[in-house]
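Residue-level structure breakdown
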Amino acid sequence: MAATCLRAEASQDDDIPDPHYKTTAFLFWNMSKESHLERTAKEPRDETLHTVIIKHVNQINDSVRVFRLAIPNRKTIQFSAGQWLDVYVPTVSKPGGFTITSAPSAAVAQQGPDGQVSQAYLELAIQKSPDNPPAAWLWQPVPVLMNAEVKVRVGGSFVWPPAGIDVSSLRKVVLVAGGVGINPLMSILTAIVDDGKHGELPESCEVTMLYSMKDPGPPRDIKKMLFLERLTWLFAKRVVRGTFRLFLTQPLDTQQRNDVSNMEDDMVNCHGFEIKFASRRISLSDIASAVGNDKDSAVVYVCGVPTMTDEMVEKLVSCDGLGMERDRILFEKWW
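Just so it is clear, the model here is predicted, and its values are computed rather than measured.

1. Structural notes on unusual backbone geometry
Cis geometry marks the peptide bond from Trp160 to Pro161, where omega comes out at 0°. Looking at the secondary structure, you find Pro161 in the loop between strand E7 (149-155) and strand E8 (172-178). Here the residue pair Pro218 and Pro219 is connected by a cis peptide bond, since its omega of -5° sits within 30 degrees of zero. Counting through the fold element by element, Pro219 comes out in the loop between strand E9 (206-214) and helix H5 (228-236). Positioned with a positive phi, Arg74 is a non-glycine residue whose angle comes to about 55°. Structurally, Arg74 is set in the loop between strand E3 (64-70) and strand E4 (84-88).

2. Here's the deal with H5
Looking at H5, one finds that the buried residues are Leu228, Leu231, Thr232, Leu234 and Phe235. In an axial view of H5, the angular spread of the buried residues amounts to 165°, which keeps them on one side of the axis.

3. Re the pattern of salt bridges
Applying the stated criterion to the full structure yields twelve salt bridges. Note that Asp86 and Arg153 form a salt bridge whose closest N and O atoms lie 3.0 Å from each other. You can see Asp86 sitting in strand E4 and its partner Arg153 sitting in strand E7, a full 67 residues away along the chain. Judged by its relative accessible area of 0%, Asp86 falls in the buried class. You can call Arg153 buried: its relative accessible area is 16%. With its nearest N and O atoms 2.8 Å apart, the salt bridge here joins Arg230 to Glu123. One end of the pair, Arg230, is in helix H5; the other, Glu123, is in strand E6 (residues 121-127), with 107 residues separating them in the sequence. Residue Arg230 is classed as partly exposed on the basis of its relative accessible area of 32%. Accessibility expressed as a relative area gives 7% for Glu123, which makes it buried. Overlapping salt bridges bring together Arg45, Asp86 and Arg153 as one network.

Reading guide: rules and limits
Residues numbered from 1 in each chain as written. Predicted model: local features only at pLDDT ≥ 70, side-chain atom pairs only at ≥ 80, totals over all residues. Heavy atoms only, no water. Helix = DSSP H or I, 4+ residues; strand = E, 2+ residues; numbered from the N terminus. Buried < 20%, exposed > 50% of the residue type's maximum accessible area, 1.4 Å probe, protein only. Arc of directions from axis to C-beta. Salt bridge = Lys/Arg side-chain N within 4 Å of Asp/Glu carboxyl O.

Given below as structure tokens:
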């Protein structure tokens, strides 16, 4: 069975019409106000509650912060790439749900050639969301948050490696992220990099990342576009064997919309690397092109809003679409 999970998450991407839901953390929060614990009650969940320490907060833009949570005492927190955390913050009784964006290897303290032991950590991308108590707590002034302790517990079933599939047989891995759907796929991509280094993936396996986000409009500051620098580095430096494609959608105003509609493609400069982007949404043909003739030796991960995810998955498995086996399509939905 393909792994599925429904996540309520506010978004940078205007696929969600209500501006109340414009956030970038994986917040399990919907219009019925069903709690994260209620929404994920049937999901697998580790029993252990871990203490972590907020050591770094990087404010990407006015809405998004990336947190580094240090794992103290040279301990390790085991998880699979793509999973989320129950995050318990001080003064709030119920946890928030936030997806881990770092690789599992980062949560292991490792000794380097110089004898120094690296700091194990977890990374989360969290957006400002005043109506969600855990997220609101994490959006206090940064000095208040530094060195604060929070409790976390691992859960979720949308993971790499894919259950029931021998990754050594894969020729194609396609990651499709709509807006904040990038969060679990960022963790999965870096885990794939680690697997390649350890010989667990064949050298012939190609990875394609299709990433759609709202166009911030010119000038496009790549430092304010979540994970764009990291993705560019991974693909441009050939740390990942494959292709990164960027799709920018829905300009901020009418003039920008008119400007963008008159161009098929443009470029974003990232430290000397020109990133070509398409001014449209990801289509089935983009995924089909990435899979090529290898649908029987490929997996496709899709993470985005329900309408996008449902449509893509149906077309991927339909005989009228790509006709892939359902267990090769792994998907997760967010609101």
